[in-house]
Amino acid sequence: MDELERKYWIAFARVSRVGRARVRQLEEQFGSLEPAWRATPGELKAAGLDSGAINAIAAARDSVDPDAEVEALARHGVHAVTWHDDEYPKRLREIFDRPPVLFVRGTLTAADEWAVAVVGTRRVTVYGRQVAEEMARGLASNRITVVSGLARGVDAVAHRAALEAGGRTIAVLACGLDLVYPPEHKRLAEEIAERGAVVSDYPLGTQPRSEFFPRRNRILSGMSLGVLVVEGDVKSGALITARQALEQNREVFAVPGSIYSPNSRGTNKLIQDGEAKLTLDVQDVLAELNLSMASHQIEMTELIPADETESLLLRHLGAQPIHIDEVRRECGLPIATVTGALAMLELKGLVRQVGRMNYVRTAARA
């Protein structure tokens, strides 16, 4: 997307009354969001917007400077991805209530198409912690991206286990990316951004609120092939995520637990009702999603450059991190070509992204 147009998508993210449906209306009426931002109330009404949305847009224009929004994102190391961009998660694009804009710290890659969400209670038991660690480690070891919500308990355990296994992980937040909630996970969020991505559909400065978390969970499940619930009561956030996954036609997995434990009431009920597949180890997830074969195919794929573009990139990468823009300049290739080729090389294990769009060649596979 043209950067001039992008800033208006970022600005519209500040308008609470303009979401997926109204962004689509504005695009259809005006062709892009730049003229929609400047439209008169009469033109907005003709586009099908009601008075509440029109008044919200008018108020936003008085308080939101699109250029200042872009500058603020840059200061915080965040970039915006719209549903027209290649970086926008392919699976998220499939869901009904997809966010028009995702704010990203870190990098989303083609490898993240193979993702599984691991969720559960904040009050994780010793049993739940052990299961979450084993499941997340097993997924990451099979090159499956682990998605979770950075919350206390199961979420944090899953993120850390994926990182320790050398895998990718994505955290979906219910606040602006200049904030971290809970605050004690600030360092964990930084590590995730260096090895994966921290994402949100809320603009900078948005404080976490209880009603934001269920909305956040639709992204968490929407980015994933399936959702694995480790522990959770019947009315927990993890069960909300499971229900959203079912609505999105995603697979749901649940780890059984003691019939005496409140933390296992939700997972046991999902299994009992036939809404989730009973899961005893990570192979149950991999087999159900056909990821065992996918992982095997990655391992068996020629760990050599597939074409001259990949060869050229590898010749310009070494042990010292190099930014993607410098790679592009040295290779003389379009940025889209470089981004796509680096994603494939990362999937093969030939290169590694070490944070802030810097890449190194993986010595073990070079």
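Here the structure is shown first, and the text comes after it.
Residues numbered from 1 in each chain as written. Predicted model: local features only at pLDDT ≥ 70, side-chain atom pairs only at ≥ 80, totals over all residues. Heavy atoms only, no water.

### Let's talk about the overall build of the protein
As a reminder, the rule being used: Each helix corresponds to a stretch of at least 4 residues labelled H or I by DSSP, and each strand to a stretch of at least 2 residues labelled E; elements are numbered beginning at the N terminus. In this setup the radius of gyration rests on C-alpha atoms only. A globule is expected at 2.2 Å times the number of residues raised to 0.38. Exposure categories follow from relative accessible area, calculated using a 1.4 Å probe and restricted to protein chains: below 20% of the type maximum is buried, above 50% is exposed, and the middle band is partly exposed. In this analysis, two residues are considered to be in contact whenever any of their non-hydrogen atoms come within 4.5 Å of each other. Note that accessible areas follow from Shrake-Rupley with a 1.4 Å probe, and for residues the cover is restricted to the protein chains shown.
A tally of helices and strands in the protein yields 17 helices and 12 strands. Scaling as 2.2 N^0.38, a compact globule of 366 residues should have a C-alpha radius of gyration of about 21 Å, and the protein matches this with 21 Å. With respect to the principal axes defined by its C-alpha atoms, the protein has extents near 60 × 55 × 35 Å. For the protein, buried positions account for 52% of its 366 residues. The long-range fraction of contacts in the protein, counting pairs at least 24 apart against all pairs at least 6 apart in sequence, stands at 70%. Approximately 16,400 Å² of the protein is accessible, and the part contributed by carbon and sulfur atoms is 50%.

### Observations regarding the sheet that holds strand E5 (residues 169-172)
Quick note on the threshold: At least two DSSP bridges between two strands are needed for those strands to be called paired. Every axis in this analysis is a line fitted to C-alpha atoms, fitted for helices over the stretch in contact. Angles between the N-to-C directions lie between 0 and 180 degrees.
Ordered in space as E1-E2-E6-E5-E4-E3-E7-E8-E9, the nine strands form an open sheet in which the pairing is mixed. The sheet is open, and its two borders are formed by strand E1 (79-82) and strand E9 (277-278), each paired with just one other strand. The pairing of strand E2 (residues 101-106) with strand E6 (residues 197-200) spans four bridges and is classified as antiparallel. Bridge pairing in E6 links Phe-103 to Ser-200. Packed on one face of the sheet, helix H1 (residues 3-12) meets E1 and E2 and runs near 90° to E1.

### Let's talk about the packing of aromatic side chains
Two numbers describe a pair of aromatic rings. These are the distance of the centres and the angle of the planes. What counts is decided by this rule: Between the rings of Phe, Tyr and Trp (Trp by its six-membered ring), a pair exists once the centres lie within 6.5 Å; its type follows the angle of the planes, with under 30 degrees stacked, over 60 edge-to-face, and the other angles tilted. Either the NZ atom of lysine or the CZ atom of arginine qualifies as a charge over a ring when it sits within 6 Å of the ring centre and within 35 degrees of the ring normal.
All chains considered together, the criterion is met by four aromatic pairs. The interplanar angle of 90° and the centroid separation of 5.2 Å between the aromatic rings of Phe-12 and Trp-37 together place this pair among those described as edge-to-face. Of this pair, Phe-12 sits in helix H1 while Trp-37 sits in helix H3 (residues 33-38), and the two are 25 residues apart along the sequence. On the basis of relative accessible area, Phe-12 is assigned to the buried category, the value being 2%. Judged by its relative accessible area of 6%, Trp-37 falls in the buried class. Over the ring of Phe-213 we find Arg-122, and its NZ or CZ is 5.8 Å from the ring centre.

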